[in-house]
Amino acid sequence: SWFWTPEETLRERARTDRVPYDVWLAEGHLEATPGRVVDYAYIARTIGDLTARYDIRTIAFDPYRIAYLMQDFADQGVMCDLTPHGQGYYRSSESGLWMPRSVDTLEKHVMAGTLRVKRNPVMTWCSASAVLSAVAKGNRLFDKRRCTGRIDGIESLCMGMGAADSDEQGADLSEFFRDAAA
């Protein structure tokens with residue numbers, strides 16, 4: 001898991017959010033980008049480095065503000081497949097991905113013990129802060145109004161699991177989890 005935060009506002013937000021961002025940064029669980037806002041060029045460079053080290057098949061993304069990251073990918077020559085992931089109860093018209101199915105996929109693998117995530121206090125905080133809500137037909141998603149802290153990490157993990165399990169991607173998760181356990 002990778003997490004980024006703006007360097008100049010880190011201490012201020014640590015007080016507001018009541019979490020030790022500075023400690024997490026020092027321990028390597030979180031990366032600070034230069035400036036007062038998240039630097040998408042920094043993230044694009046990191047993803048470029050990761051694509052050189054790992055076989056990243058796709059990165060699921062929330063369409064909100066993705067144009068900024070895509071521009072930095074183009075500027076830096078980062079080649080990485082991006083898959084739009086619908087937020088809320090809306091399916092992505094391009095990929096068919098949506099949160100209720102991805103929540104079910106993540107939960108299925110957590111309960112079966114087939115998902116291994118390297119321990120990270122940021123992810124632990126995001127997971128502990130998350131609250132699920134259900135509506136008609138039992139569809140569930142994260143309810144940001146009821147969450148006790150930031151949940152970006154668990155939402156990203158959820159979207160990644162949805163993309164990996166998607167029929168549109170043709171992924172074979174049994175191979176993925178077998179390789180991950182090695």
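Every value quoted in this text rests on a predicted model; they were computed, and no experiment measured them.

Undergrad: Would you explain the overall build of the protein in this entry?
TA: Within the protein one finds 8 helices and 6 strands. Ordered by position from N to C terminus, the α and β elements of the protein give β-α-α-β-α-β-α-β-α-α-β-β-α-α. In summary, the protein has a C-alpha radius of gyration of 17 Å against a globular reference of 16 Å for 182 residues, a match within 12%. Contacts spanning at least 24 positions in sequence make up 61% of the contacts within the protein whose residues lie at least 6 apart. Of the accessible surface of the protein, which amounts to about 11200 Å², a share of 52% is contributed by carbon and sulfur atoms.

Undergrad: Sorry if this is basic, but what is going on with the packing of aromatic side chains here?
TA: We describe a pair of aromatic rings using the distance from one ring centre to the other and the angle between the two ring planes. By the definition in use, this model includes 4 aromatic pairs. For the ring pair Tyr-21 and Trp-125, a centre distance of 6.0 Å and an interplane angle of 80° mean the geometry is edge-to-face. Placement of the pair is Tyr-21 in helix α2 (residues 21-26) and Trp-125 in helix α6 (residues 121-129), with a sequence separation of 104 residues. Its relative accessible area of 15% is what places Trp-125 among the buried residues. With a centroid separation of 5.9 Å and 20° between ring planes, the pair formed by Tyr-40 and Tyr-68 is classed as stacked. Here Tyr-68 lies in helix α4 (residues 66-76) and Tyr-40 lies in helix α3 (residues 40-53), a separation of 28 residues in the sequence. A relative accessible area of 24% means that Tyr-40 is categorised as partly exposed. Assessed through its relative accessible area of 48%, Tyr-68 is described here as partly exposed. Here the aromatic cluster, defined as three or more aromatic residues joined through ring pairs, consists of Tyr-21, Trp-24 and Trp-125. Positioned above the aromatic ring of Tyr-21 is the side chain of Arg-13, whose terminal nitrogen or guanidinium carbon lies 5.1 Å from the ring centre.

Undergrad: I tried to follow the pattern of salt bridges on my own but got confused; where do I start?
TA: Where charged atoms of side chains with opposite charge meet at close range, the side chains can pair. For the structure on display, the rule yields 8 salt bridges. Asp-165 is the salt-bridge partner of Arg-101, the closest N and O atoms lying 3.7 Å from each other. With Arg-101 in helix α5 (residues 99-112) and Asp-165 in helix α7 (residues 152-165), the pair connects residues that are 64 residues apart, well separated along the chain. Sharing partners across several salt bridges, the network here consists of Asp-104, Glu-107 and Arg-140.

Undergrad: Can you walk me through α7 in this structure?
TA: Residue pairs three or four apart in sequence face the same way in an α-helix, which turns once every 3.6 residues. The terminal C-alpha atoms of α7 lie 20 Å apart, and with 14 residues this matches the ideal 20 Å at 1.5 Å per residue to within 8%. Most of α7 sits inside the fold, with 10 of its 14 residues counted as buried. Taken residue by residue, α7 has Gly-153, Ile-154, Glu-155, Leu-157, Cys-158, Met-159, Met-161, Gly-162, Ala-163 and Asp-165 as its buried positions.

Undergrad: Sorry if this is basic, but what is going on with the confidence of the model for the protein here?
TA: Do not read the predicted coordinates in detail wherever pLDDT is low. Predicted confidence across the protein gives a mean pLDDT of 89, with 91% of residues reaching 70 or more. Within the protein, helix α8 (residues 173-181) has the poorest average pLDDT of any element, 51, and α2 the best, 97. Segment residues 167-171: pLDDT under 50, and 7 contacts once partners within four positions in sequence are set aside and those in other chains are kept.

Undergrad: What's the story with the nonpolar core in this structure? I'm lost.
TA: Nonpolar side chains in soluble globular proteins tend to end up buried together. Ranked by internal contacts, the top residues of the largest apolar core, which has 27 residues, are Tyr-21, Trp-24, Leu-30, Leu-106, Phe-142, Ile-154 and Leu-157. At the level of elements, α1 (10-17), α2, α5, α6, β6 (140-142) and α7 are the ones that each hand at least two residues to this core. With 6 residues, α7 is the single largest residue contributor to this core. Sequence-distant contacts of Leu-30, defined by excluding residues within four places in its chain, comprise Phe-3, Trp-4, Thr-5, Leu-10, Tyr-21, Trp-24, Leu-25 and Val-122.

Basis of the calculations
- Residues numbered from 1 in each chain as written.
- Predicted model: local features only at pLDDT ≥ 70, side-chain atom pairs only at ≥ 80, totals over all residues.
- Heavy atoms only, no water.
- Helix = DSSP H or I, 4+ residues; strand = E, 2+ residues; numbered from the N terminus.
- Rg over C-alpha atoms; globule rule 2.2 N^0.38 Å.
- Contact = heavy atoms within 4.5 Å.
- Areas by Shrake-Rupley, 256 points an atom, 1.4 Å probe, with all protein chains shown as cover.
- Phe/Tyr/Trp six-rings, centres within 6.5 Å; stacked < 30°, edge-to-face > 60°.
- Buried < 20%, exposed > 50% of the residue type's maximum accessible area, 1.4 Å probe, protein only.
- Lys NZ or Arg CZ within 6 Å of the ring centre and 35° of its normal.
- Salt bridge = Lys/Arg side-chain N within 4 Å of Asp/Glu carboxyl O.
- Expected span 1.5 Å × (residues − 1).
- pLDDT = per-residue confidence, 0-100.
- Core = buried A, V, L, I, M, F, W, Y, C linked by side-chain atoms within 4.5 Å.

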